[in-house]
Amino acid sequence: MKVLKIEKQNLSGFLDKLRDTYRLYGPVIDGDIFSFVPIQDASQIDLSFQNSRLSPKSLFLPQSERMFEYTLDPSKDDAHVLKEVQKDYSPRAVIGIRPCDARAFRLVDVNFDTPELRDPWWVKARDCTTLVGLGCTSPCSTCFCTSVGGGPFDEEGLDVLLTDVGGAFLAKVLTQKGEQLVEASNDFEPAEEGLVEKATALGQEAQEKVVSKVDTSMLPEIDTLALYGADFWEAVHFSCVNCGICTYLCPTCWCFDIQDETHGRAGCRIRNWDACMFPLFSLHASGHNPRGQKIDRVRQRFMHKLKYYVDTYKNGVACVGCGRCVQHCPVNIDIREVIKLMNEYRE
Ligand code: SF4
Ligand code: SF4
């Protein structure tokens, strides 16, 4: 693994050079909200953020994604034939992603990229993307990444990890993709020993700043049906308004719905984000809804992330502790409290 550095004053120039070979994405502020968006000019990127409001999952699973198009014109030979929509999968680089969000993509890969099932759009988007992470030196009070397998300087899922060491960024080059990216110009140079030590100290300091802790250790042991029937779901679900904010902001929520949209004789098949919190999400064609009550939907969200995922993939919980759902739930439902209830549940 190479450890390099780039002077801050050279970062903008480097990113502009990158645009010759990569489509560039990074955090940009709009009002007081940061989002990961395509970058036309490196000066748009603002790395002074804590995290983006929406997770960057739309980079791989767009909120609305055109999958196929078709014609209904009977005079055409290909009437009613689904044709894949062509998209741009040329190399792209995402600058400044937080370690928790990069790790989230790894947790979601188990759903979209398995030996049995490969979602072509997810896989192609993952393959063409180089993730340049930015270590968190100031975690939020709602972050609990260190309790769920991550950390503010976690490297999992990243190709390069940047650390702000004052006048420069230290760059840990973690993969082949990362190596190709830093070689795109000669702005990076070997980092001196003192800077490496400084970055290590900053990492340890940040780790200690994550004061919010949860214990998930008992979740694999607890009986699934017993947990499903626990009486605490009554209290947990009571104030939820099924707004879906928690699922839309979450980097590990992956549910989608597929719709056909037809205009005249031209149509396209689109997948859109959906959410288990919405009453129509599990409505069957027969009219039966297995999660017709709010308690069923709230329980599903937490059971999926904290029990079904744990049991199915043996990969820990499907939560990276980013704290978005804690910060933005309008009725203050706090997943950390639900984890505690679930983890401590005894029949
Ligand atoms: S803290 Fe909430 S929003 Fe963040 S990964 Fe966990 S469940 Fe998703
Ligand atoms: S954000 Fe809160 S109120 Fe809205 S669906 Fe999620 S838990 Fe319910």
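Residues numbered from 1 in each chain as written. Chains lettered and ligands numbered in written order. Predicted model: local features only at pLDDT ≥ 70, side-chain atom pairs only at ≥ 80, totals over all residues.

1. A closer look at the overall build of the protein
The helix and strand inventory of the protein stands at 11 helices and 12 strands. Here the C-alpha atoms of the protein give a radius of gyration of 22 Å, agreeing with the 20 Å that 2.2 N^0.38 yields for 347 residues. In terms of overall dimensions, the protein has C-alpha extents of about 65 × 65 × 40 Å along its principal axes. Pairs at least 24 residues apart make up 71% of the contacts formed inside the protein by residues separated by at least 6 positions. (Helix = DSSP H or I, 4+ residues; strand = E, 2+ residues; numbered from the N terminus. Rg over C-alpha atoms; globule rule 2.2 N^0.38 Å. Contact = placed C-beta atoms within 7 Å.)

2. Remarks on the pairing of strand β8 (residues 160–164)
Among the 5 residues in β8, 4 count as buried, and that is most of the element. Relative to β8, strand β7 (residues 129–134) is paired through 3 bridges, and the arrangement is parallel. In the strand pairing of β8, Leu134 is matched with Leu162. Here 5 bridges tie β8 to strand β9 (residues 168–173), and the two strands are oriented antiparallel to one another. Among the inter-strand pairings, Thr163 is bridged to a residue of β9, identified as Leu170. (Buried ≥ 20, exposed ≤ 12 C-beta atoms within 10 Å, placed from the backbone. Pairing = 2+ DSSP bridges.)

3. Quick word on the site of ligand 1
Contacts to ligand 1 come from 13 residues, most closely from Cys250, Cys319, Cys322, Arg324 and Cys325. Among the residues forming the shell around ligand 1, the class breakdown is 8 nonpolar, 3 polar and 2 charged. (Near = placed C-beta within 6 Å. Nonpolar A, V, L, I, M, F, W, Y, C, P; charged D, E, K, R; others polar.)

4. What about the sheet that holds strand β4 (residues 64–71)?
One open sheet holds the 4 strands; their spatial order is β5-β4-β12-β11, and the pairing between them is antiparallel. At either end of the open sheet lies a strand with only one pairing partner, and these are β5 (83–84) and β11 (256–263).

5. Comments concerning the domain arrangement of the protein
The domain architecture assigned to the protein consists of domain 1 (2–209) and domain 2 (224–343). For domain 1 and domain 2, the distance between their C-alpha centres works out to 25 Å. Residue-level contacts link 36 residues of domain 1 with 29 residues of domain 2. Looking at the side of domain 1 that touches domain 2 residue by residue, the class counts come to 18 nonpolar, 10 polar and 8 charged. (Domains from an automatic or database assignment.)

6. What about the site of ligand 2?
Around ligand 2 sit Cys240, Val241, Asn242, Cys243, Gly244, Ile245, Cys246, Met277, Cys329, Pro330, Val331 and Ile333, and that is every residue in its neighbourhood. Of the residues assigned to the shell around ligand 2, the class counts are 10 nonpolar, 2 polar and no charged.

7. Considerations on the environment of Ile39
By secondary structure assignment, the location of Ile39 is in the loop between β3 (33–38) and β4. Taking C-alpha positions, Ile39 is 21 Å from Phe105, a pair spaced 66 residues apart along the chain. When near neighbours in sequence (up to four residues on either side) are disregarded, Ile39 contacts Leu24, Tyr25, Gly26, Gln44 and Ile45.

8. Quick notes on the sheet that holds β7
Reading across from one edge, β3-β2-β6-β7-β8-β9-β1-β10 is the order of the 8 strands in this open sheet, with mixed pairing throughout. At either margin of the open sheet sits one strand with a lone partner, and together these are β3 and β10 (189–190). Sheet topology note: the strand β2 (residues 23–30)/β3 ladder contains 6 bridges and is antiparallel. Looking at β3, one finds that Pro27 is bridged to Phe36.

9. Description of the pairing of β4
Relative to strand β12 (residues 266–273), β4 is paired through 7 bridges, and the arrangement is antiparallel. If you follow Tyr70 over to β12, its bridge partner there is Gly267. Of the strand pairs in this sheet, β4 and β5 are connected by 2 bridges, and their pairing is antiparallel. Counted as the bridge partner of Glu69 is Lys83 from β5.

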